[in-house]
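Residue strings, one per chain:
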Amino acid sequence: PVNIGVLALQGDVREHLAALAESDVLARPIRRPEELDGVDALVLPGGESTAISNLAVTFGLLDPIRERIAGGMPVYGSCAGMIMLASTVLDGRPDQETFRGIDMTVRRNAFGRQVDSFEAAVTIDDVEGGDFHAIFIRAPWVEEVGEDVRVLGRVADGPAAGRIVAVRQGNLLATAFHPELTGDLRVHRYFVEMVRQAAPAR
Ligand code: GLN
């Protein structure tokens, strides 16, 4: 089976490990650069992107992960993980770093300060069934995408209707919401399928 790491510096690592374990892959937490060598792909959890950025620098993971991304490693980021894949971050801390990879501008905490978390329907192309019940927690949205980025999903209704909340560029996938918190495994399965296509069984 394929081997998928979950970046375990901060955030909802356990929930992603559990979702992957249910998706017929080997999943393990990654904290050090050497541990990256053993994985075919990486998941970046939700949490706090400024903390993940600081810890990635401290643990010497920023450049190794950027290099693996440049080498084609599949990565899926949810929420803070989406921010960590963005080429440009709005409303970030000035010293905030990302792994980059997806040519997009994301705005942190975009859905408004009065509503820290909310649920909404999201329609996602490409994923079986299409409609998601999505949980957003101080979530970003995507304000702009480059021409190589495919918009996969938008908020279906409510005040934020039409906002881009799921994207893919090559082997990189990002959602502003948290499928790891709802027990809906379709996004993880979609990612596992991406990983299988990128790294045939060994
Ligand atoms: N607001 C967080 C950030 O900027 C993301 C929130 C989340 O991952 N649930 O990193």
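Everything quoted here is computed from the prediction, not taken from an experiment.

Colleague: Could you clarify how one ought to interpret the UniProt feature "binding site: L-glutamine" (unreviewed entry) in the protein in this entry?
Modeller: UniProt records the feature "binding site: L-glutamine" (unreviewed entry) for Gly47, Glu48, Ser49, Arg108, Ile137 and Arg138 in the present numbering. The greatest C-alpha distance among the residues just named is 12.7 Å, despite their covering 92 residues of sequence, which places them together in space. You can see Gly47 is positioned in the loop between β3 (41-44) and α3 (49-58). Excluding its chain neighbours within four sequence positions, the residues that come into contact with Gly47 are Gln10, Gly11, Asp12, Ile52 and Ala80.

Colleague: Explain helix α6 (residues 186-198) here, please?
Modeller: What sets the pattern is the α-helix's 3.6 residues per turn: residues three or four places apart point alike. Taking 1.5 Å per residue, 13 residues should reach 18 Å; α6 reaches 18 Å between its end C-alpha atoms and fits that length. Residues of α6 that are buried: Val187, His188, Tyr190, Phe191, Val192 and Val195. Where α6 is buried, its residues touch β1 (3-7), α1 (13-21), β3, β4 (75-78) and β12 (172-175).

Colleague: Explanation requested: the UniProt feature "active site" (unreviewed entry) in the protein in the structure shown.
Modeller: Within this numbering scheme, the UniProt entry marks Cys79, His178 and Glu180 as carrying the feature "active site" (unreviewed entry). A compact arrangement is adopted by the annotated residues: their sequence extent is 102 residues, whereas the largest C-alpha distance between any two is 10.8 Å. Among the secondary structure elements, Cys79 is positioned in the loop between β4 and α5 (80-85). Here Cys79 falls in the buried class, since 29 other C-beta atoms lie within 10 Å of it.

Rules and cut-offs
- Residues numbered from 1 in each chain as written.
- Predicted model: local features only at pLDDT ≥ 70, side-chain atom pairs only at ≥ 80, totals over all residues.
- UniProt positions renumbered as here; feature names shortened; annotations may be inferred.
- Helix = DSSP H or I, 4+ residues; strand = E, 2+ residues; numbered from the N terminus.
- Contact = placed C-beta atoms within 7 Å.
- Expected span 1.5 Å × (residues − 1).
- Buried ≥ 20, exposed ≤ 12 C-beta atoms within 10 Å, placed from the backbone.

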